[in-house]
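Results of the structural survey
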Amino acid sequence: MPDTSNGRPGTIPAPSALQLVIDDLKMRDAPGTVRRVEPAPLYNTYETALDLAVRLRQQVYDHNVPVPRIIFLDMDGVIVDFISSALARLGADESCIIPGDWHVEHWLDITTEMFWSKCRGHDFWAGMAPTPEMPEILRIVESMGLPVRLLSSPSDDPGCFSGKYAWLQQHLPAYRWKLVLCAGNKADLARPGAVLID
């Protein structure tokens, strides 16, 4: 496949190249097909969800990782802009963000209890904006022709689940029946045959 990225990592292939990726994925399970599998690490703490989706698709195309059977997309921070909503609730803005530290309470020097006492209620969860990257992330993972499920680990706020469901009804109604709730560690779902983008 020709390199359409011009050497820029994370650049999304042109539509014609994208169709080649889709066609290749379909052909790979054809009888008599031999798949070269050389597992490569996919996890990078400093990588954005969009970067990871692009790299996953490219590594599957290059036969560097096995074709997964399912893709899990976390909601908060991947397709839902949790950070902006939390900061607004706490009267802060993005200037307080500490790169590499994803605990908002650390940025504002408040307790975890204080953080969750403000970030709760049906309207808080339902009123979040989608991330700017959401449409592109969905386009990439859906183009792979694999099952895609949204993943969430709701807080103990009674309005959390109802708010997230309302968010899906408004922004991604086709996914409202594809939400997987996780009561434990979401990373447990990242296993052979399954990819988690969190």
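Calculation rules
- Residues numbered from 1 in each chain as written.
- Predicted model: local features only at pLDDT ≥ 70, side-chain atom pairs only at ≥ 80, totals over all residues.
- Heavy atoms only, no water.
- Phe/Tyr/Trp six-rings, centres within 6.5 Å; stacked < 30°, edge-to-face > 60°.
- Helix = DSSP H or I, 4+ residues; strand = E, 2+ residues; numbered from the N terminus.
- Lys NZ or Arg CZ within 6 Å of the ring centre and 35° of its normal.
- Core = buried A, V, L, I, M, F, W, Y, C linked by side-chain atoms within 4.5 Å.
- Buried < 20%, exposed > 50% of the residue type's maximum accessible area, 1.4 Å probe, protein only.
- Contact = heavy atoms within 4.5 Å.
- Pairing = 2+ DSSP bridges.
- Salt bridge = Lys/Arg side-chain N within 4 Å of Asp/Glu carboxyl O.
- Axes fitted to C-alpha atoms, helices over the stretch in contact; angles between N-to-C directions.

Side note on the packing of aromatic side chains
Given two aromatic rings, one states the distance between the centres and the angle between the planes to describe the pair. If you walk through the whole model with that rule in mind, you get 9 aromatic pairs. Ring geometry for F82 against W125: centres 5.8 Å apart, planes inclined by 20°, an arrangement best described as stacked. In this pair, F82 sits in helix 3 (residues 82-89) while W125 sits in helix 6 (residues 122-126), placing the two residues 43 residues apart along the sequence. When the ring centre of Y175 is taken as origin, the NZ or CZ atom of K178, which lies over that ring, is 5.1 Å away.

Concerning the nonpolar core
Proteins that are soluble and globular tend to have nonpolar side chains buried together. Counting 43 residues, the largest nonpolar core has L73, I79, L150, W167, L172 and I197 as its most contacted members. Ranked by the residues each element gives to this core, the list is headed by helix 2 (residues 49-61), at 7 residues. Each residue touching L172, except ones within four places of it in the same chain, is listed here: I79, M134, L138, L150 and W167. Counting residues in hydrophobic clusters, the runner-up holds 6 residues, among them I70, F72, L151 and A194.

Observations concerning the pairing of strand 1 (residues 70-74)
Burial analysis of strand 1 places 5 of its 5 residues in the buried class, the great majority of the element. Bridge count between strand 1 and strand 4 (residues 194-197): 4 bridges; the pairing is parallel. Each bridged residue has a counterpart across the sheet, and for I71 the counterpart in strand 4 is V195. Where strand 1 meets strand 2 (residues 148-152), 4 bridges bridge the pair, whose relative direction is parallel. Considered in strand 2, the bridge of F72 is made with R149.

With respect to the pattern of salt bridges
A complete count under the given rule lists 5 salt bridges for this structure. A salt bridge links D157 to R120, with the shortest nitrogen-to-oxygen separation between them at 3.7 Å. Of this pair, D157 sits in the loop between strand 2 and helix 8 (158-171) while R120 sits in the loop between helix 5 (112-118) and helix 6; the two residues are 37 residues apart in sequence, bridging distant segments of the chain. Residue classification places D157 among the buried positions, given a relative accessible area of 7%. Linking K186 and D198 is a salt bridge whose minimum nitrogen-to-oxygen distance equals 4.0 Å. Of the two residues, K186 sits in the loop between strand 3 (179-181) and strand 4 while D198 sits in the segment after strand 4, which places them 12 residues apart along the sequence. K186 sits in the buried class, given a relative accessible area of 18%. What you see here is one network of salt bridges that share partners, running through D74, K186 and D198.

A look at the sheet that holds strand 1
Whether parallel or antiparallel, the strands of a sheet pair through hydrogen bonds between backbone atoms. Read across the sheet, 4 strands follow the order 3-2-1-4 without closing on themselves; strand pairing throughout is parallel. The strands lining the two open edges of the sheet, one partner per strand, are strand 3 and strand 4. For this sheet, the mean inter-axis angle between neighbouring strands, taken without regard to orientation, is 30°. Sheet strands in contact with helix 7 (residues 134-143) are strand 1, strand 2 and strand 4, and its direction is about 170° off that of strand 1.

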